[in-house]
Structures are given as C-alpha cells and as structure tokens.
Amino acid sequence: MILNKVNKLEGTITVPADKSITHRAVMFASLADGISYINNYLPSQDCFSTLNIFKQLGVDIEQTANLLTVKGAGLHGLKCPDGYLNANNSGTTTRLLSGILSGQNFSSTIIGDESLSLRPMKRIITPLRQMGADIYAKDDNYLPVNIKGNGSLRAINYKSSISSAQVKSCVLLAGLYADGQTFYSEPEKSRDHTETMLKAFGADISVDNLTVGIKKCDKLFAQEIFVPADISSAAFFIVAGIIVKNSHVIIKQVNINKTRSGIITVLKNMGADIKISNIKEISGEPVADIEVKSSSLHSTNIDGKLIPSLVDEIPIIALAATQAEGVTEISGAQELRVKESDRLKLIATQLNKMGANIEEKQDGLIIKGPSKLKGCSVETSKDHRMAMMLSIAALCADGQTTVEDSACVGISFSNFYGVLKQICK
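Residues numbered from 1 in each chain as written. Predicted model: local features only at pLDDT ≥ 70, side-chain atom pairs only at ≥ 80, totals over all residues. Heavy atoms only, no water.

Novice: Summarise the packing of aromatic side chains; cite the residues concerned and give the values.
Specialist: As enumerated under the stated definition, the model contains 7 aromatic pairs in all. On the numbers, 6.3 Å between centres and 80° between planes, the contact of F236 with F416 is edge-to-face. Here F236, found in helix α7 (residues 231–243), pairs with F416, found in helix α12 (residues 416–423); they are 180 residues apart in sequence, far enough to count as distant. As far as the burial class goes, F236 and F416 line up, both buried. Given a relative accessible area of 0%, F416 falls into the buried group. (Phe/Tyr/Trp six-rings, centres within 6.5 Å; stacked < 30°, edge-to-face > 60°. Helix = DSSP H or I, 4+ residues; strand = E, 2+ residues; numbered from the N terminus. Buried < 20%, exposed > 50% of the residue type's maximum accessible area, 1.4 Å probe, protein only.)

Here it is, written out as structure tokens:
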C-alpha cells in the first residue's frame with residue numbers, strides 16, 4: 001500500500017466488530033444447548049479460523065453477512081475431527097481451543113502458520129497438565145499442539161505470573177470440565193470478556209478482584225449476542241484524528257470495557273481531546289461513541305499495571321508518543337515480543353526509519369518527541385497491527401510511504417484502507 005501525507009481527517013465512521021468477543025461467542029455458542037444468534041460478528045481471517053474449526057468439530061453454523069446461527073453441540077457433543085485443526089494466525093483460537101479440547105474424550109492436533117508456530121504455548125500447557133490433560137507440543141512450547149482428551153480433568157488453584165486473557169480463558173474453559181471449582185489468579189486484570197460471556201451462557205463464575213473461579217458445568221444455554229465495535233481497531237483512527245492536523249473524527253458504538261480501554265486513559269493523560277458519549281450496554285458490554293480532535297500531546301509513562309488493558313494498542317500509542325513533547329517511557333511490555341511479530345523491535349526499527357527517536361528496551365520503549373516523520377518503505381512482518389500503525393504514520397509523514405505486506409490487515413480489519421479513505425481529506 002502506498003500512502004501520502006494528508007491535510008486532515010474528517011468524518012463519522014464505524015469500525016469492525018470486536019475480534020475477542022467474536023471468537024468467544026462462536027466457541028461458547030458451539031458448546032451450548034440450543035440455537036445461538038451472533039449479530040454483527042467480525043468477518044476476519046482470525047475469526048474464520050475459529051469458525052471453520054468448530055465446523056470441523058461437528059457444529060452446525062449458518063453464516064450470512066451480519067449473522068451467525070450456531071446450533072450448539074453441547075459441552076460433550078463435539079466430534080473427533082477428521083484431520084488437523086488449523087488455527088492459521090490466531091493465538092486466541094489456539095489457546096482457548098486447547099482448554100476446550102482438554103475436556104473432550106477424543107484426540108486432536110492444532111496447527112498454525114509460520115508466525116503462530118513461533119508463539120509460546122507452554123503458558124497454557126503448564127496449567128492444563130496440572131488439571132490432568134494429556135497435552136504435548138513441539139519443544140514443549142510450540143505448535144503443533146497435540147491433545148489426547150481423556151475426559152477426566154481436575155480443578156486447580158492456578159496463580160499465573162503473567163496477565164493474559166488467553167491463558168485465563170484457556171484455564172476457565174478447561175474448568176467447565178474439571179471436577180470441583182477451578183481458580184485462576186493473575187498479577188493485573190486482563191480483559192474480562194470470557195467471564196462476562198460465560199456467565200451469560202449459564203456458567204457458575206465468581207470474580208474476586210484478580211481471582212476468577214469456575215465450577216464444573218453440566219450445560220450452557222444458547223444466547224443472542226450483538227458484538228460491538230472493537231476498540232483495538234478504533235484505536236488507529238483515534239490516534240490518527242489526534243496527530244493529523246485539523247482533524248475531527250467520530251467513531252460510533254465502540255466497546256469501552258474498562259479492561260480494554262487503557263488507550264483512552266493514556267491519550268487523555270497526554271492531553272488528547274477525546275469525548276465519550278451515548279454510553280449504553282449491549283450484550284453485557286459498555287458501548288459508546290468516541291469523538292477526537294487534533295491535539296497537542298505531551299509525554300507520559302506507561303507501566304506494567306496498564307499494559308494488560310492496552311497491550312494490542314502499544315504500537316499506535318508509540319506512534320502518538322513520537323508526536324508528543326518530551327520523553328515517553330513504556331515498561332512491562334515484554335509480552336509484545338511474542339505477538340504476531342516482535343512488536344517492540346518492529347516499532348523501534350520501522351518508526352526510526354521514518355525519522356522517529358525510539359530506544360528499544362527489553363521490556364519496552366523510550367520515545368523522544370516530537371519527531372518530524374518522513375515517508376519511506378516500511379516492513380510489517382505480516383503483522384496486522386503494525387501494518388495499520390505504519391499506515392497511520394504515513395498520513396503525517398512528508399513524502400510517500402510504502403507499507404509492505406499491507407494485506408495482512410485482513411487478519412482483523414479487512415476494510416481498513418476503505419474506512420481510512422472515507423475520512424482522508
């Protein structure tokens with residue numbers, strides 16, 4: 001994709017449905033008794049990986065442009081798959097699915113693409129083995145993951161050293177099949193869509209600060225779900241409206257769940273002009289319109305306490321920091337090294353190539369601003385969030401920017417460039 005500097009951004013837009021919620025809705029509906037309806041699901045590559053796997057596991061799913069109709073198989077109604085289960089690029093699919101498959105009475109193998117095959121899986125293998133699962137992986141850490149379902153799991157009290165919604169969700173889903181009550185504790189609160197949605201489906205879940213408990217379950221009950229807009233997708237347009245001069249952008253009906261909206265807190269702390277309005281609750285999630293205007297930013301510090309609520313937004317926050325007065329320091333973000341790419345390294349190398357002043361730390365970044373950006377050819381490592389961030393950087397960079405492998409935006413936001421074109425003036 002070739003992009004040029006723009007004069008301003010202006011308009012009202014919508015962004016795609018929440019990826020995290022779509023994944024969970026498909027999974028939980030597949031395990032429920034009855035017919036669930038998932039409205040406004042995200043039609044992205046990652047979500048289709050989940051969809052296709054559950055079809056392969058025997059779940060009847062009808063798909064139209066805006067609606068998924070899922071005839072649930074029940075907690076014990078999944079079928080032994082014919083062949084490997086291909087999660088492609090989706091870490092959420094792999095990790096949550098592993099918890100579910102550990103409670104089945106058949107064997108299965110999860111595979112993925114080159115990127116996913118380099119992402120760590122020991123973080124789920126360890127607790128699942130403690131629960132009695134027979135689970136094996138390459139070098140005990142990487143795909144393919146083979147799960148020999150034995151139908152016999154036991155509850156555990158697991159204290160995680162990292163705050164990861166994927167690990168938490170994996171353990172809670174295995175807990176649906178484990179005798180007794182399973183507890184999961186984490187150092188900081190990670191996104192809580194699993195707890196909210198499983199409770200709506202009828203699971204016995206308790207939340208006590210940083211500890212979640214779940215009891216073995218006989219059945220889940222079908223639901224009708226509306227998936228709100230994804231704040232991780234909105235984030236690129238929020239920052240674009242702030243750093244491109246003379247801009248005014250409104251993004252409609254975005255999920256502002258407090259475990260996901262750390263970017264709003266950080267940007268406001270940096271002096272951004274952001275207004276939240278029309279707040280309401282849809283399918284248990286808070287939704288609002290987000291209005292942003294061009295702003296003069298100043299530096300801030302982001303530490304480990306905030307990281308879980310904005311882990312996917314660090315790339316675009318880093319871009320905002322390059323346009324802020326002063327030195328911004330991001331710490332406790334080592335998790336970004338094991339995402340779809342080593343995002344800390346890629347943020348530093350590619351934005352520095354455009355003229356930014358970023359020092360890479362083992363667990364974060366030191367960003368000195370403001371920097372005058374210049375267009376050039378930038379690499380994405382086929383990481384969707386990096387491609388979108390670098391595309392936004394191009395809008396305020398002098399000259400022309402070429403974003404290599406830009407098609408990877410389809411992993412979460414297939415019409416990203418179409419929406420961007422709507423507001424470029």
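Once you've had a look at it, read on.
Novice: I'd love a proper account of unusual backbone geometry, names of residues and values included.
Specialist: Here the amide bond leading from L143 into P144 is cis, since omega sits at 0°, within 30 degrees of zero. Residue position: P144 is located in strand β10 (residues 142–148). A cis geometry characterises the amide bond from G369 onward to P370, with omega recorded as 0°. Phi at Q253 takes a positive value of approximately 50°, unusual for a residue other than glycine. Inspection of the secondary structure assignment puts Q253 in strand β19 (residues 248–255). Phi angles above zero are rare outside glycine, and K382 is one such case at about 55°. Examined against the element boundaries, K382 turns out to sit in the loop between β26 (377–378) and α11 (384–395).

Novice: Quick one: what's the story with the nonpolar core, residue by residue and with numbers?
Specialist: Counting 81 residues, the largest nonpolar core has F237, I238, L267, I347, L351, I392 and F416 as the members making the most contacts within it. Among the elements that make up this core, the one with the highest residue count is α7 (10 residues). Contacts of L351, omitting those with residues within four sequence positions, involve A318, L319, T322, L346, A356, I358, M389, L390 and A393. Grouped together as the second largest cluster of nonpolar side chains are 67 residues, M27, L68, L96 and F106 included. (Core = buried A, V, L, I, M, F, W, Y, C linked by side-chain atoms within 4.5 Å. Contact = heavy atoms within 4.5 Å.)

Novice: Go over the pairing of strand β21 (residues 285–293), please, and point to the residues and values.
Specialist: Two elements, β19 and β21, share 6 bridges in a ladder whose sense is antiparallel. Bridge pairing in β21 links V249 to V292. Bridge analysis of strand β20 (residues 273–282) against β21 gives 8 bridges, and the strand direction is antiparallel. For S277, the partnering residue across the bridge sits in β21 and is D289. Hairpin connection from β20 to β21: 2 residues lie between these consecutive antiparallel strands, with S283 at a positive phi of about 50°. (Pairing = 2+ DSSP bridges.)

Novice: For helix α8 (residues 262–269), give the residues involved together with the corresponding values.
Specialist: Burial in α8 covers these residues: G262, I263, I264, V266 and L267. For α8, the elements touching its buried residues are α7, β20, β21, β22 (301–302) and α9 (314–322). One or two positions beyond α8, positive phi appears at G271, with a value near 100°.

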